[in-house]
Structure formats: C-alpha cells, structure tokens
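What follows is each chain in one-letter form.
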Amino acid sequence: MHARLKLFLPLILFGILALFLLRGLSLDPKEMPSALIDKPFPEFSLPALGGDAKLDKASVSGRVALFNVWATWCVSCRVEHPYLTELARQGVAIYGINYKDEDAAALGWLQQLGDPYIANIADREGTLGLDLGVYGAPETYLVDAQGMVRYRHVGVVDERVWTTVLLPLYTQLKGEGEG
Amino acid sequence: MNMRALLQWLLAMGCLVLPLQALSVIETYEFSDPALASRYQELSGELRCPKCQNQNIADSNAPIAQDLRKLLHQQLEQGASDEEILQYMVDRYGEFVRYRPRFAGATMLLWLAPGVLLLLGLLIVFLTLRDRKQPGGSEGDLSDADQQRLRELMKKADKE
C-alpha cells in the first residue's frame, strides 16, 4: 500500500505545482497594494491649482472621496478623464492631485476637457506623491470620512474598475460614515 | 611640432571620453563625504524601482527612480541612517521596495521557502535511496519453505 501510494507522489507534486501556476495566471505582478492602506492620508500643505490658496489635509477630508493623481503629460489620464467627469456628475467626490505638472498646462486641460474635481492640489515637486507612494499616474486613492486611505487603484479608472472594485467599497464606506 | 602632438593627444583622449559621456544618462550627485557616496551606491543598488520592478533605482531611468535617487541623496546628506532611509521608503512603497525585505510576517515565507524546499528535496533523496537498497537484500526475506522451493526449482532447471 505504501509503495503504491509513492507512485502517485510525482502526480501529487505536479498537482500542487499546477495549482500555484494556475493562481499565477490570474495574478498581476504590477498590482501592488499601497503601503498606506488603512493608514491616514499623509499631511501636506500645497497650493491649490491655479491660485495662491493653500490646501492641507483638513481642507480636503471629512467625507468619502477619491483622490486622483493626474498630469497633462500622462496619456492614460486623458483616457480616464471622461469617466471621472461622469462619476463627478453622479455625485462622487473627487479631488485631484496634479502631479509634477505645469500649472498653466493643467488649467488649460481642465478648461478644455472639463473639470470633475472639487479641488486640485498642485503637487509640482511630487512631494505629496512621494508620501503617498505614487509611482506613476494615473493612480486613484479611495479615502474614507476619517481621512484613512482605504484603497489604491493604479491605472485608468473605467466603468469596469468602478463597478467591480471601487463602487462596492465606496458604498460600504459611505454607509460607515453615516452610521 | 610639439603643439601638433598635443592636439593629437587631445583628440585621442576626446574619442575615448565621448562614448562614456553618451552612456551616462543617469545623473550624478556630489557628496560631502566619500563614505556617503559609497552608502549611496549601496542603498540605490538595494532599493527597487516601484515602477519597473525588476531594476534597482540605480539602474533605472524611470522618473520615479530619479525622484528616489534625489531623495536618497538628500537624506544621506542630512545624516539619516541606512535604517531610517529604508524605513522611510518602506513606509511609502511597502516592503516591495527592498530587494532584501526584512524577516517578518508575509516575507517569512520568502526567506524560509528555499531552506524548506532544500530539506524536502534531501528527505526525498534519502527516502528513495534507502528504499532502493531493499530489493538487493530481499533474499533473506524468503521463508524457509520458499528457500527450499527455490532450490528445488533451480535444481530442476539445471537438469533440463
């Protein structure tokens, strides 16, 4: 009996390996959870885009909101923009973090393509981006009413991402915030 | 004549230096202390570029790697320790940013897996080799009656 079982050992090992490989097929190594998940949104004090007024953490927190890292040099941001506008029209609170960009170019973009943002933080040097662990635009952070980062999406937010990933969390956080 | 030799020499040197310059696309930093420069080399080799993933920040040309190099330079000049700098990076980019993640939590598997797999392999080799010995020595396992039968059969075979 023992010897017979041993014959199956290679098959069993293969099975285990196959399970791991199968899992690997659906894993995206580019998808890394943010180091800030369930940690407070970093403190900052940066100018608002196109003005001298300063924005800080207190002025942009207090409600469940998306923080969208974007720039005019970012091609995918242009792809994403119409959908953000649509979300804003549906009443989703979106703040912009204009990441390592020129103010004039960014303002021109908003004028031309529409402005879905409640306010835009002008992160010209990328310091807030660094504290957030941003490594490329676009990135979108879901922040709860207590100012905690709850999710980060790297890449374009489109309808699929919104309905399958962000919306369930957003709704849940909204419920928590009011409850 | 002397002037011409000098010019020739300069031209030759220029030809040697030119290709080097073309390669050095990654910016260089000045350090107040040579010890800082060597720590910079070491740390930038150990920190992983979050964007390009399979390059360290010393080798990568991605904008984020440039930013991190700049930050590394600043922090070294400000007198931060290696531990502080690594912690700062890990706080923002996760354990992922280190090529040698610390031994804790989820990275435990990463550190222990090679050793565990090696032991498992050795165990399999040991068991296989031990089992392989048995068929050779199995003659003694026959009962007396079987031995008797075997001898008779062999005798019979010899006669035929």
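A. The pattern of salt bridges, seen in detail. Under the definition given, this model contains twelve salt bridges over all chains. Note that Arg150(A) is salt-bridged to Asp144(A), the shortest N-O span being 2.8 Å. A relative accessible area of 23% means that Arg150(A) is categorised as partly exposed. Across the pair Arg98(B) and Glu46(B) runs a salt bridge, and its minimum N-O distance is 3.7 Å. Within this pair, whereas Arg98(B) is found in the loop between α4 (82-93) and α5 (107-133), its partner Glu46(B) is found in helix α2 (residues 34-46), the two being separated by 52 residues in sequence. Residue Arg98(B) is classed as buried on the basis of its relative accessible area, which comes to 11%. Relative accessible area serves as the criterion here: at 10%, Glu46(B) is assigned to the buried category. Here the salt bridges share partners, and the residues they tie into one network are Asp38(A), Asp144(A), Arg150(A) and Glu176(A).

B. Spatial organisation of the interface of chain A and chain B. If you look at the interface, chain A gives 16 residues, while chain B gives 17 residues. At the boundary of chain A with chain B, total buried surface from both sides reaches about 1,300 Å², with 52% on carbon and sulfur atoms. Ranking the residues of chain A by area buried against chain B places Met32(A), Leu130(A) and Tyr135(A) at the top, with a combined share of 40%. Between the two partners, chain A and chain B, sit two salt bridges. As a salt-bridge pair, Arg92(B) and Asp131(A) come within 2.9 Å of each other at their nearest N and O atoms. Counting across the interface, chain A meets chain B through three residue pairs in polar contact (both at pLDDT 80 or more). It is helix α6 (residues 127-132) of chain A that contributes the most residues to the side of chain A that touches chain B, four residues altogether. Residue classes in the side of chain A that touches chain B are distributed as nine nonpolar, two polar and five charged.

Parameters and conventions
- Residues numbered from 1 in each chain as written.
- Chains lettered and ligands numbered in written order.
- Predicted model: local features only at pLDDT ≥ 70, side-chain atom pairs only at ≥ 80, totals over all residues.
- Heavy atoms only, no water.
- Salt bridge = Lys/Arg side-chain N within 4 Å of Asp/Glu carboxyl O.
- Buried < 20%, exposed > 50% of the residue type's maximum accessible area, 1.4 Å probe, protein only.
- Helix = DSSP H or I, 4+ residues; strand = E, 2+ residues; numbered from the N terminus.
- Contact = heavy atoms within 4.5 Å.
- Buried area = accessible area lost by both parts, 1.4 Å probe.
- Polar contact = N/O pair within 3.5 Å; in protein donor to acceptor, adjacent residues only side chain to side chain.
- Nonpolar A, V, L, I, M, F, W, Y, C, P; charged D, E, K, R; others polar.

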